[in-house]
Every structure is written in structure tokens, then in C-alpha cells.
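What follows is the residue order along each chain.
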Amino acid sequence: IRTVLDDRSEKVGYKIRAAQLEKIPYMIVVGDKELESNILNIRNRNGETFEMAEADFISYVSNKNTSRDLQL
């Protein structure tokens, strides 16, 4: 699984918009709430958001990768 960390000193909304324009499949914004609960807030490139546990998301993406499923 390839990941990219966007640690620029820009606003979160700007970073999300830039990632959508780059067609990044999944964006994960990690804040204090996510660190405490270990639940990720995930946004796909279509703008849909959902929450998932960290281990479940890694498994989900790994399965999509090995099955070469291109649907988000």
C-alpha cells in the first residue's frame, strides 16, 4: 500500500481539494479524535466519507489491491 503524508502548513480543506484533483483514491485525516478512538475518517476521491477501524481499513485496501478491484 503506497501512502503519502501531506504535512504542508496549509488548511485541511485545501489539502483535501488538492488530493481530489490528483485523484488520490483514499484520504485519511487524522486528528485528536481519531488518535483517541483508533477509528479513521476516510474520504474517497468521489467525496464520500465513512469511518472504519485502522486494521479493518488496511485489510480492506489490501483485499482491493490483491483482487485488482477498481471500484471505490
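From a predicted model like this one, the values you see are computed outputs, not experimental measurements.

J.: Describe the packing of aromatic side chains, with residues and values.
T.: One pass over the full model with this rule turns up 2 aromatic pairs. Pairing Y26 with F57 gives two aromatic rings, centres 5.6 Å apart and planes at 85°, and the pair type is edge-to-face. Taken together, the residues Y26 in strand 1 (residues 26-29) and F57 in helix 3 (residues 54-67) connect sequence positions 31 residues apart. Residue Y26 is classed as buried on the basis of its relative accessible area of 18%. Since its relative accessible area comes to 9%, F57 is described here as buried. On the basis of an interplanar angle of 75° and a centroid distance of 6.2 Å, the ring pair of Y26 and Y60 is categorised as edge-to-face. Of the two residues, Y26 sits in strand 1 while Y60 sits in helix 3, which places them 34 residues apart along the sequence.

Reading the values: rules and limits
Residues numbered from 1 in each chain as written. Predicted model: local features only at pLDDT ≥ 70, side-chain atom pairs only at ≥ 80, totals over all residues. Heavy atoms only, no water. Phe/Tyr/Trp six-rings, centres within 6.5 Å; stacked < 30°, edge-to-face > 60°. Helix = DSSP H or I, 4+ residues; strand = E, 2+ residues; numbered from the N terminus. Buried < 20%, exposed > 50% of the residue type's maximum accessible area, 1.4 Å probe, protein only.

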